[in-house]
Amino acid sequence: HLNKQWVLDEYTRGRSATSIALEIGCSRKTINRFINMNGGHRTIAEQVSIYQIDRCAFSKLTKESVYWFGFLAADGRGLLTARKSGHVDRRLIVRLGKKDKNHLILLRSFLQSNHPIKYEPATKSHRYIVNCTILVRELIDLGLLSFKNGGWCDFGTYQPDFLRGLIDGDGW
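Positions within a chain are numbered from 1, following the residues in the order the chain's sequence is written. Selection of residues for local features in this predicted model requires a pLDDT of at least 70, selection of side-chain atom pairs for listing and counting requires 80 or more, and totals for whole chains, interfaces and linings are taken over all residues. Derived side-chain values reflect all non-hydrogen atoms in the structure, with water molecules and hydrogen atoms excluded from consideration.

Caption draft 1: Here's a closer look at the packing of aromatic side chains. Working definition: rings of Phe, Tyr and Trp (its six-membered ring) pair if their centres are within 6.5 Å, and the pair is stacked with planes under 30 degrees apart, edge-to-face with planes over 60 apart, and tilted otherwise. According to the stated counting rule, one finds 8 aromatic pairs in the structure shown. Plain terms: the ring middles of F58 and F110 are 5.4 Å apart, the flat faces sit at 65° to each other, and that makes the pair edge-to-face. One end of the pair, F58, is in the loop between α4 (44-47) and α5 (63-75); the other, F110, is in helix α6 (residues 101-110), with 52 residues separating them in the sequence. Buried means the residue's accessible area, taken with a 1.4 Å probe over protein chains only, is under 20% of the maximum for its type, while exposed means over 50%, and partly exposed covers the values in between. Under the relative-accessibility criterion, F58 is labelled buried at 2%. You can call F110 buried: its relative accessible area is 10%. Elements are defined by DSSP. Helices are runs of H or I of four residues or more, strands are runs of E of two residues or more, and each kind is numbered from the N terminus.

Caption draft 2: Spotlight on the side chain of Q159. Tracing the chain through its elements places Q159 in helix α9 (residues 159-170). The class for Q159 is buried, based on a relative accessible area of 13%. Within the local environment of Q159, its side chain forms a polar contact with the backbone nitrogen of F155, the two atoms lying 2.6 Å apart. Residues count as neighbours in contact if any of their non-hydrogen atoms are within 4.5 Å of one another. When near neighbours in sequence (up to four residues on either side) are disregarded, Q159 contacts W152, C153 and D154. Nitrogen and oxygen atoms within 3.5 Å of one another constitute a polar contact, given that in protein one can donate a hydrogen and the other can accept it, and given that sequence-neighbouring residues count only through two side-chain atoms.

Caption draft 3: The packing of helix α1 (residues 4-12) against helix α2 (residues 17-24), seen in detail. Where α1 contacts α2, the axes come no closer than 9 Å and their chain directions differ by 145°. As α1 runs across α2, the sense of the crossing is right-handed. On α2, the residues that touch W6, V7, E10 and Y11 of α1 are A17, I20, E23 and I24. A breakdown of the residues in the contact of α1 with α2 according to their chemical character gives 6 nonpolar, no polar and 2 charged. The axes used here are C-alpha line fits, helices contributing only the stretch in contact, and every angle between their N-to-C directions lies in the interval 0 to 180 degrees. Should the near helix be turned counterclockwise from the far one by less than a right angle, the crossing is left-handed, whereas a clockwise turn marks it as right-handed. Side-chain classes follow a simple rule in which Ala, Val, Leu, Ile, Met, Phe, Trp, Tyr, Cys and Pro form the nonpolar group, Asp, Glu, Lys and Arg form the charged group, and the remainder, Gly included, forms the polar group.

Caption draft 4: Structural detail: the pairing of strand β4 (residues 117-120). Taken together, the 4 bridges between β4 and strand β5 (residues 125-131) define a ladder with antiparallel strand orientation. Bridged to Y119 within β5 is H126. Criterion used throughout: strands pair if DSSP finds at least two bridges between them. Hairpin connection between β4 and β5: a loop of 4 residues separates the two successive antiparallel strands, and K124 in this loop has a positive phi of roughly 50°.

Caption draft 5: α2, seen in detail. Of the positions making up α2, those classed as buried are A17, I20 and A21. Down the axis, α2 shows its buried residues gathered within 100° of arc, on one side only. Exposed side chains of α2 directed beyond 90 degrees from the buried face belong to L22 and E23. Of the residues flanking the end of α2, it is G25, one or two places downstream, whose phi is positive at about 95°. Arc definition: directions from the helix axis to the C-beta atoms.

In structure tokens, the structure reads:
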């Protein structure tokens, strides 16, 4: 039996749902459902990610940002992922072969990120996932989804950088 007020108070003080669940002996999902049903709101502590990233990396067009946009146009996936619940995740997923891990490190460096690059033995590939609505929104606003659906992106004087990223992303 959950003590409603205690759970909500702990959560509001900044304690994670996982920590509360461990103490009570139930799942994090149960605690999150309970908090949502009883008017609990995510605290600032809950909203702050353990990972850092420059959310505005694509807000200003530069040779480097347009290059990486081209690279993501070729290799980025998962900008919008619908869940069964109807919620839409906004995340960027880049999966490259084992030999291309250094390119993921360069992308992570450009994004000023500390998100992990994980190795997937089954596919012998490295995966880099960023959950950042602001960053994904910028990519969409620049035309990443329309490009992937057959459109074209014109970056004026930066067009060669876009094409270089696109070619590097496709592995030409």
